[in-house]
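# Chain and residue survey
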Amino acid sequence: MDIVSQLQEQLNTIASLAFNTFGTLQRGAPPVQLSPNYPEPPPPNTSDGEDAATLADQPNLLSTELVKAAKQAVRQCSVSALPLSEGGEAEQLKRIEELQP
């Protein structure tokens, strides 16, 4: 697998873990009253069968996995290891200008 594919795979993993972490934090957050003009929020729903301790541990576990994935991406793939294109930066900028409509 080439370096670009490895970077893409690592970024996809990190994005997936971040999405799941944010969703878990949002789902497990206690309701709050946004303004005194709004009614009191309903009490948290704990009748869904999930253990409260498990819900409390999920953000920590997901955060740990997210940090591990980020560290693994840094270890495995370095942007400095990407191949440079021919001609240097000036040629790249010229090519970008040519490709733009």
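Residues numbered from 1 in each chain as written. Predicted model: local features only at pLDDT ≥ 70, side-chain atom pairs only at ≥ 80, totals over all residues. Heavy atoms only, no water.

## What to know about the pattern of salt bridges
Here is the rule: Any carboxyl oxygen of Asp or Glu that lies within 4 Å of a side-chain nitrogen of Lys or Arg is treated as forming a salt bridge with it. Numbering goes from the N terminus for both helices and strands, where a helix is a DSSP run of H or I of at least four residues and a strand is a run of E of at least two. Here the term buried applies to any residue with accessible area under 20% of the maximum for its type, exposed to any over 50%, and partly exposed to those in between, with areas from a 1.4 Å probe on protein chains only.
Summed over the entire model, instances satisfying the criterion amount to 2 salt bridges. Salt-bridge contacts for Glu 65 lead to Lys 68; the nearest nitrogen and oxygen are separated by 3.8 Å. Placement of the pair is Glu 65 and Lys 68 together in helix α2 (residues 52–76), with a separation of 3 residues, close to one helical turn. Residue Lys 68 is classed as partly exposed on the basis of its relative accessible area, which comes to 49%. The salt bridge involving Glu 98 is made with Arg 95; its shortest N-O contact spans 3.6 Å. In this pair, Glu 98 and Arg 95 are both assigned in helix α3 (residues 88–99), 3 residues apart and thus about one turn of the helix distant.

## Considering a nonpolar patch on the surface
Applicable threshold: Two joining distances apply to patches: 9 Å for like charges and 5 Å for nonpolar side chains (Val, Leu, Ile, Met, Phe, Trp, Tyr), and every residue must have over 30% relative accessible area and no salt bridge. Note on areas: these come from Shrake-Rupley sampling with a 1.4 Å probe, and a residue is covered only by the protein chains present in the view.
Side chains of Val 32, Leu 34 and Tyr 38 sit close together on the surface and give an oily, nonpolar patch of about 380 Å² of accessible area. Relative to the assigned elements, Tyr 38 resides in the loop between α1 (3–28) and α2.

## Observations concerning the confidence of the model for the protein chain
Short version of the rule: pLDDT expresses, on a scale from 0 to 100, how confident the predictor is about each individual residue.
A residue-level look at the protein chain finds 81% of positions with pLDDT of 70 or above and a mean pLDDT of 78. For the protein chain, the element scoring lowest by mean pLDDT is α2, at 79; α1 scores highest, at 85.

## What to know about α1
Let me state the cut-off plainly: Given the number of residues in a helix, its expected span is that number minus one, multiplied by 1.5 Å.
Counted at 1.5 Å a residue, the expected span for α1 with its 26 residues is 38 Å, and the 37 Å between its end C-alpha atoms agrees. Along α1, the residues classified as buried are Ile 3, Leu 7, Gln 10, Leu 17, Ala 18, Thr 21 and Thr 24.

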